[in-house]
Amino acid sequence: MSLNSKTKTVCLLGHPVKHSFSPIMHNYLFEKYNINNIYVCFDVEPTKLKESVYGIKALGMKGLNVTIPHKVEIMEYLDYIDENAKLIGAVNTIKNNEGNLEGYNTDGRGFVKSIINQNYILENKRVMILGSGGACRSIAIELCLNNIKSIEIRNRSIEKAQTIIETIDKNFKVKGICSSEEVGQTDLDNIDIIINTTPIGMENNDCPINKNLRINNNVLVCDIVYNPHNTEFINWAMQQNIKVIYGIDMLINQGLEAFYIWTGINPTIKDEEEIKKLYSEYIK
């Protein structure tokens, strides 16, 4: 498909965005389904977010994805927010519907689909989430919708974590707690799933927990960071023969949901497989 005067733009807003695989994924889908769109990335600092959103309308962009650190703050500038996104309190996908910006959240659904695809049963599981940003909010709410037993959020800033737990307490019969303490051995002995939703590991070899800790082999370890593919958090789990869920699985699943919102087209399982092949080339 050739770019021309009728080509419309779909973009990613975040800070940073240089690691993003999203342009490869969505441009593949646009070309396959003969949609005259192009997907690009914009690195937007928080102080420029308002102007950037107004630019989406002014330039007639078809839609966008939103990533760290804008998923919560961007809601202030939207014309409509989906009920699920309101409950989550964060938006990662926006559709420009004839000048009205509509906010949705596909992160949690994408993450949960990644787990369910592995035939893992979420009901009555005890979950710990590291971080308290927009991705944490989305994942936490979606997990509660899937009848987990309890959820604990660990973050240095306790205020954001408390806000998420308050939402859970108000809307679900799920035990929710939060803490600013570092994860210890006792913590790992009393959970079924641990999820890293922080950007730690994205640009360095850091790990969000102490790598000397040991973990029960029945615990599922998940990282939403997808570049690098094997983060230090994932490596820590694999060295102990623990089952893991990679960040790329969530990225692809939430991206396919976003593509549907923009176009009304449901990608196929074959599309998902082809995108994973593209990702394998991307990370080499």
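As the structure is a computational prediction, the values presented were derived from the model and not from experiment.

So, how was this worked out
Residues numbered from 1 in each chain as written. Predicted model: local features only at pLDDT ≥ 70, side-chain atom pairs only at ≥ 80, totals over all residues. Heavy atoms only, no water. Core = buried A, V, L, I, M, F, W, Y, C linked by side-chain atoms within 4.5 Å. Buried < 20%, exposed > 50% of the residue type's maximum accessible area, 1.4 Å probe, protein only. Helix = DSSP H or I, 4+ residues; strand = E, 2+ residues; numbered from the N terminus. Contact = heavy atoms within 4.5 Å. Pairing = 2+ DSSP bridges. Axes fitted to C-alpha atoms, helices over the stretch in contact; angles between N-to-C directions. Polar contact = N/O pair within 3.5 Å; in protein donor to acceptor, adjacent residues only side chain to side chain. 1 Å grid on protein atoms, 1.4 Å probe; cavity = no way out; pocket = protein on both sides within 12 Å on 5 of 7 lines; lining within 4 Å. Points joined across faces, edges and corners; volume = space filled by probe spheres on them. Nonpolar A, V, L, I, M, F, W, Y, C, P; charged D, E, K, R; others polar. Parallel < 35°, antiparallel > 145°, perpendicular 65-115°, else oblique. Left-handed = near helix turned anticlockwise from the far one by under 90°.

(A) Structural view of the nonpolar core. Of all hydrophobic cores here, the largest spans 38 residues; its most connected members are Ile194, Val221 and Trp236. Those elements that provide at least two residues to this core are β1 (8-14), α1 (22-32), β7 (126-130), α8 (232-238), α9 (247-263) and α10 (269-282). With seven residues, α9 is the single largest residue contributor to this core. Beyond its immediate chain neighbours, meaning those up to four positions away, isoleucine 194 contacts Met128, Leu130, Leu188, Ile215, Val219, Leu220, Val221, Cys222 and Phe233. Counting residues in each nonpolar core, the second largest holds 32 residues, with Ile129, Cys144, Leu220 and Ile245 among its members.

(B) Quick peek at the sheet that holds strand β9 (residues 175-179). On the basis of which strands lie adjacent, the open sheet formed by six strands has the order β9-β8-β7-β10-β11-β12 and parallel pairing. A strand with exactly one partner marks an edge of an open sheet, and here the two such strands are β9 and β12 (244-245). Summarising the sheet, strand β10 (residues 193-196) and strand β11 (residues 220-223) pair through four bridges and their orientation is parallel. Paired with isoleucine 195 across the strands is cysteine 222, a residue of β11. Contacts from helix α5 (residues 134-145) reach β7, β8 (150-154) and β10, with the element oriented near 170° to β7.

(C) Representation of the side chain of glutamine 254. Here glutamine 254 lies in helix α9. By relative accessible area, which is 6% here, glutamine 254 ends up buried. There is a polar contact of 3.0 Å between the side chain of glutamine 254 and the backbone oxygen of leucine 251. Glutamine 254 has contacts with Asn65, Asn92, Thr106, Asp107 and Gly110, leaving out every residue within four places of it along the chain.

(D) Quick peek at the layout of surface pockets. Considered as a void within the structure, the largest pocket measures approximately 830 Å³ in volume. Along the walls of the largest pocket sit 32 residues, with Gly131, Ser132, Asn155, Arg156 and Thr198 positioned nearest its centre. Of the residues forming the lining of the largest pocket, the biggest block, four residues, is contributed by α5. Each pocket or cavity is described by its volume, and for the second largest pocket that value is around 210 Å³. Ser150, Glu152, Ile177, Asn190 and Ile191 are, among the 13 residues lining the second largest pocket, the residues nearest its centre. Mapped onto the lining of the second largest pocket, the elements with two or more residues apiece are β7, β8, β9 and α7 (185-188). Among the residues making up the lining of the second largest pocket, the classes are represented as five nonpolar, three polar and five charged.

(E) Representation of the packing of helix α4 (residues 107-116) against α5 in the model. At a minimum axis distance of 7 Å, the contact between α4 and α5 shows a crossing angle of 60°. In terms of orientation, α4 lies oblique with respect to α5. The interaxial crossing formed by α4 with α5 has right-handed handedness. When α4 is examined against α5, the residues Asp107, Gly108, Arg109, Phe111 and Val112 are found in contact with a partner set consisting of Ala135, Ser138, Ile139, Glu142 and Leu143. Residue composition of the contact of α4 with α5, grouped by class: five nonpolar, two polar and three charged.

(F) Fine view of the sheet that holds strand β4 (residues 80-81). An order of β2-β1-β3-β5-β6-β4 is seen for the six strands of this open sheet, with the pairing classed as mixed. Of all strands in the sheet, those bounded by a partner on one side alone are β2 (37-43) and β4. Relative to strand β6 (residues 100-104), strand β5 (residues 93-97) runs antiparallel, the two sharing five bridges. The residue bridging threonine 93 from the neighbouring strand is tyrosine 104, located in β6. Against the sheet, α1 contacts β1, β2 and β3 (63-66), and its axis sits at roughly 165° relative to β2.

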